[in-house]
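The primary structure of each chain is shown beneath.
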Amino acid sequence: MPTLPETETMTALTDITAVREDSRTLADQMPELGDHRSEAATRFEALGLPTRKNEAWRYTNLRPLKTEPAKDSAQDPGLPVELVPGSIRLVFVDGHYAEDRSRIGTLPDGVRISRLGNYLAANPARARDLFMGDDGVALLNSALLRDGAVISVANNTSLARPVEIVHVTTSARRTGCHLRHRIELGERAEATVIERWVGTPSAWANTVTEARVPEAATLTHLRIAGDGAAGTITSAARVSVGAEATYRATSFMIGGTSVRIDSLVNVLGEGGEAHVDGLSLAGDGQTHDAVTVVRHQVPEARSEQVYRAVGDGRAVTSFQGKVIVDKDAQKIEADQSFKAIILDRKATANAKPELEILADDVVCSHGATIGELDANALFYLTSRGISPEDARAILIEAFAGAVLTRIENDDVREQAAAAISTWMSGHVDGASHA
Amino acid sequence: MLQIDNLHADIDGKDILKGLSLKIGAGEVHAIMGPNGAGKSTLAATLAGRDTYTVSKGSVTFQGKDLLELEPHERVGEGLFLGFQYPVEIPGVSNLNFMRTALNSVRAYRGEEPVSAGDFLKAIRAIAAELKMDPEMLKRYVNVGFSGGEKKRNEMVQMRILDPKLAILDETDSGLDIDALRIVADGINAQRRADTGILLITHYQRLLDYVKPDFVHVMVAGRIVKSGGPELAHALEQSGYADVA
């Protein structure tokens, strides 16, 4: 791994000269991406980073990246405990693949895991397939992407060990780390990919993950900004789901100053299923933003979205979820449920569910509620001897449980439950309850 | 055991309890009857500590302590139990976990060791059997999808596992068919001991055929206007509340 010049690691996030310079510096690393990078940089120059005037980004707060100076000191947060024992681990520190911290082990036949650079060197034509981006954040990713993981699983192959991709930021400066991952499953293949973030408050981790889930394949995809996460995190997944295939996604936003998790899922085959779920536990000063677009292009398919959010202090937690059913996509079942609870009246929850249905024979539902903890339920619990603190914790746990119960892996579910308990222990005292 | 003196309570400035006094001793079963709007449920909720009601005057002493000074969960720790007229559904919380957490919270309040999962299961299954509740219902979410009768039976299971000194049962008989009423009455009678008190709040005489009260009080417009023995309930059944008020 060549050491990158100072200017690159310090990418001034909106300074187009720096962006151009950085993308040129990076050109040596993945020459196959030359045109891709320069075109993305040109388009970024025209668009800039999205602001709140941009509808899809109205709740996301990227301003601190531009205006606020970095204020923390550099530190290496270390690695989080693996979610599932024995997982394959791919660790990227400040955007660089860290071989010494990663662990791949022996892979079953038909499974290949490589770095994006090596993958493109072997398959230069694939550079053209990379998603370039339709907003400033994705374009910046294309212009400045430094590396990424490529996970390929052949037809009829099941990768039993989950693949954990850990994004670590250690810098005290306003740095941006742009990574691009690709998950390519064959027909009837199965895999679990877990993306995680840990790091420093000043850094920006910006990842784009492209996944292909073709006929009868199953991809379980978790994205976790846990309590070790800090700073700004933007993660966009672009997923295609084929016939009889299943995409099962859950995102957890617990840490981070400003976290945005995007999911764009195209259901392209009959019998395809997309489950796109998420949970946000946002404390004082945190902004969590979940944005989903599930598009049904063919008939006889199904999608479900279950999102829950809890906001405390001056947290802002938002959900923008769109379901699109194309004209010929009859017999679609699409459900979307978003519920938010605010523990403090200074907290904000935004909900923007959207249905865009052009077919006439479909079953679609959506519901969005924002409220406080149910006073009747709280009284009922305390009237059985349970303390108000425990009663709140029980109700929040039950509320979050709507997402947790949909997770199939026991290890993941148990750890998620533990993370929720930890979070609650700091947020259920009711002290800030107005 | 419980002494209420000249209790006044209001909700959003609207007076509901207007000088209610009542004394319940150990080993006694009292019934409060009265028309709709008399303030019966307000009395129950006020005693349990619901903060939507404000006590403006009067006192309540429970086992020598000022009950009104205690938080709702502390009142339970002291041995009070409220059976709800409308038990609350709590999705996502299993009945078993709920009851075990409740029991261990009460035990912790009293400085007692928590009950082990095994001992708790044994105890709760025995109570469920006694109240003819399908043990599967213990695994379900609290009151979610329960019929009216099942909810009331579930209240009785909670009462029995918490084993309160004083049980206040707010319209526990409403919405029950005759079989369910008998089962609920059996639960109440099992809780009736020389060292416990029971306050039944009811609209109808029906429950009192199965749980014979020692004292019957008639409540009208926030006050107890008449007290007597079980014969008073029969008289009310014959002539209604109009004559009493």
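The structure contained in this document is the topic of the report that follows. Nothing here was measured: the structure is a model prediction, and the numbers come from that model.

Regarding the environment of Asp 289 of chain A
Topologically, Asp 289 of chain A is positioned in strand S14 (residues 287–296). Those residues in contact with Asp 289 of chain A that lie beyond four places of it in its chain are Tyr 59, Thr 60, Met 253, Val 259, Arg 260, Ile 261 and Ser 318 of chain A.

So, the sheet that holds strand S5 (residues 65–66) of chain B
Paired through their backbone hydrogen bonds, the strands of a sheet run either parallel or antiparallel. Residue and element names in this part refer to chain B. One open sheet accounts for four strands, arranged S2-S1-S4-S5; its pairing is antiparallel. Only two strands of the sheet have a single partner each, and these edge strands are strand S2 (14–24) and S5. Direction of pairing for strand S4 (residues 54–62) relative to S5: antiparallel, over a ladder of two bridges. By the bridge assignment, Phe 62 is partnered in S5 with Lys 65. Of the strands in this sheet, strand S1 (2–11), S2 and S4 are in contact with helix H1 (residues 40–48), which crosses S1 at around 110°.

Structural notes on the sheet that holds strand S10 (residues 232–241) of chain A
All names here are of chain A. Pairing is mixed in the open sheet, where nine strands are placed in the order S3-S4-S6-S8-S10-S12-S14-S16-S18. With one partner strand each, in any of the chains shown, strand S3 (111–115) and strand S18 (348–357) form the two edges of the open sheet. Taking the axes of each pair of neighbouring strands and ignoring which way they run, one obtains an average angle of 5° across the sheet. In terms of strand pairing, strand S12 (residues 258–267) meets S14 through 10 bridges, oriented parallel.

A closer look at the nonpolar core
Membership of the largest hydrophobic core comes to 115 residues, with the highest contact counts inside it found for Ile 4, Leu 47, Ile 90, Ile 168, Leu 169, Ile 188 and Leu 200 of chain B. Among the elements that line this core, the one with the most residues is helix H8 (residues 388–404) of chain A, at 10 residues. Ignoring any residue separated from it by four or fewer positions in sequence, one finds Leu 200 of chain B in contact with Val 29, His 30, Ala 31, Ile 32, Leu 169, Ile 188, Leu 207, Leu 208 and Val 211 of chain B. Formed by 57 residues, the second largest nonpolar core is a distinct cluster that contains Leu 90, Tyr 247, Phe 319 and Ile 342 of chain A.

Rules and cut-offs
- Residues numbered from 1 in each chain as written.
- Chains lettered and ligands numbered in written order.
- Predicted model: local features only at pLDDT ≥ 70, side-chain atom pairs only at ≥ 80, totals over all residues.
- Heavy atoms only, no water.
- Helix = DSSP H or I, 4+ residues; strand = E, 2+ residues; numbered from the N terminus.
- Contact = heavy atoms within 4.5 Å.
- Pairing = 2+ DSSP bridges.
- Axes fitted to C-alpha atoms, helices over the stretch in contact; angles between N-to-C directions.
- Core = buried A, V, L, I, M, F, W, Y, C linked by side-chain atoms within 4.5 Å.
- Buried < 20%, exposed > 50% of the residue type's maximum accessible area, 1.4 Å probe, protein only.

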